[in-house]
Amino acid sequence: MARAIDVPGLVERARSGEPRAVARLISLVEDASPELREVMAALNPLAGNAQIIGLTGAPGVGKSSATSALVTAFRERGRTAGVLAIDPSSPFTGGALLGDRVRMQEHATDPGVFIRSMASRGHLGGLSWATPQAIRVLDAAGCEVILVETVGVGQAEVEIASLADTTIVLVAPGMGDSIQAAKAGILEIADVFVVNKADRDGAEQTVRDLRSMQSLAPATTPRSPSLDEAALDDWRVPIVSTVAVQGEGIGQVVEALDEHRAWLGTTGALRRRRLARARAEITAIAVTALRERMADPRGNQNLDALAEQVVKGACDPYAAADRLVAEVISP
């Protein structure tokens, strides 16, 4: 018989800065533990204070190096940091390398830094399905800054904009046609551009390309569903050149992050973004619950019966879907 989990005690230990308690809470989230609802009920009143920063970009632009350098910069300023590094899961084995803890060994012994690698487990958009709840764990545990490093899937990696207060999009010279990157849509979600590996040939041209694309972009185009469209033209996305592995330019990135954080607070965009984030999280949980109900034997029987009616022409698929939802909500 599995030993009962002392959720209040676990939360209290996490609040006191015990890494093993924080890790255990995130594991409960990833495993969709039966105690998850109790965990979230205990954590939610304690969360909402952290600055959440997302880092995204194509593979090879140096996201892990930039994340590590930013952690160093924040620690030098006396701020505690949490890192959620999302690694892709194998479509064949389901496993993931979870290598970011290896790449950030310089922070491994720092009690003011918590690093957790999470497998995407097939979730699209560059994140893990458990990322929102894992962010809440780190927030409630007292991390002042939370950095979320996405998988690096390229064109589909825009989900981070709905989770982060500030989204950093990293690009690097020699990583392909910048216009193609713009068409992919990933550049539209940026709050801060970082041209990393700026010691390479072509870095200045990459900066010019970004500035050119900024001048061509319509001011009313939303960068993400969570963005306050009315205030779009108030924030001009800065472009910062860095060499992350040497720490060059990281101070300017932190300054840009601080400026954006101040802008979010002044315009009220931070509250609107977090409301949008909460709506999306509630919706995702509700949809998951509906799917689970539909997957039980009774739900399958109803679905099979409705599918039979659609095949026979006795019912159209929209009407069948309405009936299925009604039966699931009010069985």
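Below is a short write-up of the structure. (Residues numbered from 1 in each chain as written. Predicted model: local features only at pLDDT ≥ 70, side-chain atom pairs only at ≥ 80, totals over all residues. Heavy atoms only, no water.)

**Concerning the overall build of the protein chain**
- From N to C terminus, the protein chain includes twelve helices and seven strands.
- Taken across its 331 residues, the protein chain has 46% of its residues classed as buried.
- A total accessible area of about 16900 Å² is found for the protein chain, and carbon and sulfur atoms account for 55% of it. (Helix = DSSP H or I, 4+ residues; strand = E, 2+ residues; numbered from the N terminus. Buried < 20%, exposed > 50% of the residue type's maximum accessible area, 1.4 Å probe, protein only. Areas by Shrake-Rupley, 256 points an atom, 1.4 Å probe, with all protein chains shown as cover.)

**Examining helix 10 (residues 269-295)**
- Its 27 residues place the ends of helix 10 39 Å apart at the C-alpha level, agreeing with the 39 Å of an ideal helix rising 1.5 Å per residue.
- Every buried residue of helix 10 is listed here: Ala 269, Arg 273, Ala 276, Arg 277 and Glu 281. (Expected span 1.5 Å × (residues − 1).)

**Looking at unusual backbone geometry**
- The backbone phi angle of Ala 32 is positive, close to 50 degrees, even though this residue is not glycine.
- In this structure, Ala 32 sits in the loop between helix 2 (19-30) and helix 3 (36-43).
- The residue Lys 197 is not glycine, and still its phi comes out positive at about 60 degrees.
- Checked against the element boundaries, Lys 197 lands in the loop between strand 6 (192-195) and helix 8 (203-216).
- Residue classification places Lys 197 among the partly exposed positions, given a relative accessible area of 22%.

**Focus on the packing of aromatic side chains**
- Across all of its chains, the model carries one aromatic pair by this definition.
- Here Trp 235 and Trp 263 contribute two aromatic rings whose centre-to-centre distance is 5.8 Å and whose plane-to-plane angle is 40 degrees, an arrangement assigned as tilted. A residue pair is termed long-range when its members are at least 10 positions apart, and Trp 235 in the loop between helix 8 and strand 7 (239-241) and Trp 263 in helix 9 (residues 250-267) qualify at 28 residues.
- Residue Trp 235 is classed as buried on the basis of its relative accessible area of 10%. (Phe/Tyr/Trp six-rings, centres within 6.5 Å; stacked < 30°, edge-to-face > 60°.)

**Observations regarding the environment of Glu 30**
- Inspection of the secondary structure puts Glu 30 in helix 2.
- Measuring from C-alpha to C-alpha, the distance between Glu 30 and Met 118 comes to 8.3 Å, with 88 residues separating the pair along the chain.

**Observations regarding a nonpolar patch on the surface**
- Together, Leu 290, Val 325 and Ile 329 make up a nonpolar patch on the protein surface, roughly 240 Å² of accessible area in all.
- Following the sequence through the fold, Val 325 ends up in helix 12 (residues 317-329). (Patch = residues over 30% accessible without salt bridge, like charges linked within 9 Å, V, L, I, M, F, W, Y side chains within 5 Å. Salt bridge = Lys/Arg side-chain N within 4 Å of Asp/Glu carboxyl O.)

**Quick word on the packing of helix 9 against helix 10**
- Their axes nearest at 5 Å, the elements helix 9 and helix 10 cross at an angle of 85 degrees. If you check the angle between helix 9 and helix 10, you find them roughly perpendicular. Contacts between helix 9 and helix 10 pair His 260, Trp 263, Leu 264 and Thr 267 from the former with Ala 269, Leu 270, Arg 272 and Arg 273 from the latter.
- Partitioned by chemical class, the residues of the contact of helix 9 with helix 10 number four nonpolar, two polar and two charged. (Axes fitted to C-alpha atoms, helices over the stretch in contact; angles between N-to-C directions. Parallel < 35°, antiparallel > 145°, perpendicular 65-115°, else oblique. Contact = heavy atoms within 4.5 Å. Nonpolar A, V, L, I, M, F, W, Y, C, P; charged D, E, K, R; others polar.)

**Considering helix 2**
- The terminal C-alpha atoms of helix 2, which comprises twelve residues, lie 16 Å apart, in line with the 16 Å expected from a rise of 1.5 Å per residue.
- For helix 2, the full list of buried residues reads Ala 21, Val 22, Leu 25, Ile 26, Leu 28, Val 29 and Glu 30.
- Looking one or two residues past helix 2, Ala 32 carries a phi angle of roughly 50 degrees, positive in sign.

**What about empty space enclosed by the protein?**
- Within this structure, the stated rule accounts for one cavity of 30 Å³ or more.
- Within this model, the largest cavity holds a volume of roughly 40 Å³.
- Lining the largest cavity, in full, are Leu 55, Ala 66, Leu 70, Ile 168, Leu 170, Val 194, Thr 242, Ile 250 and Val 253.
- Looking at the lining of the largest cavity, the elements that each hand over two or more residues are helix 4 (63-76), strand 5 (166-171) and helix 9.
- For the lining of the largest cavity, the per-class residue count stands at eight nonpolar, one polar and no charged. (1 Å grid on protein atoms, 1.4 Å probe; cavity = no way out; pocket = protein on both sides within 12 Å on 5 of 7 lines; lining within 4 Å. Points joined across faces, edges and corners; volume = space filled by probe spheres on them.)

**A few points about the environment of Asn 44**
- As for its placement among the helices and strands, Asn 44 is situated in the loop between helix 3 and strand 1 (51-56).
- With relative accessibility at 43%, the residue Asn 44 sits in the partly exposed group.
- Sequence separation between Asn 44 and Asp 139 is 95 residues; the distance between their C-alpha atoms is 9.2 Å.
- Within polar-contact distance, the side chain of Asn 44 engages the side chain of Arg 136 at 3.0 Å. (Polar contact = N/O pair within 3.5 Å; in protein donor to acceptor, adjacent residues only side chain to side chain.)

**Quick word on the packing of helix 10 against helix 12**
- It is at 10 Å that the axes of helix 10 and helix 12 come closest, and there the two elements cross at 95 degrees. In terms of axis orientation, helix 10 runs roughly perpendicular to helix 12. Residues Leu 290, Arg 293 and Met 294 of helix 10 form the contact with helix 12, whose participating residues are Leu 324, Val 328 and Ile 329.
- The residue inventory of the contact of helix 10 with helix 12, partitioned by class, reads five nonpolar, no polar and one charged.

**What to know about the pattern of salt bridges**
- This model, assessed by the stated rule, comprises seven salt bridges.
- Arg 273 is paired through a salt bridge with Asp 191; the nearest N and O atoms lie 3.2 Å apart. Of the two residues, Arg 273 is situated in helix 10 and Asp 191 in the loop between helix 7 (178-184) and strand 6; the sequence distance between them amounts to 82 residues. For the pair Arg 273 and Asp 191, one class covers both residues: buried.
- Taken together, the salt bridges that share partners define one network made up of Asp 165, Arg 274 and Arg 277.

All quantities given are derived from atomic positions and should not be read as evidence of function.
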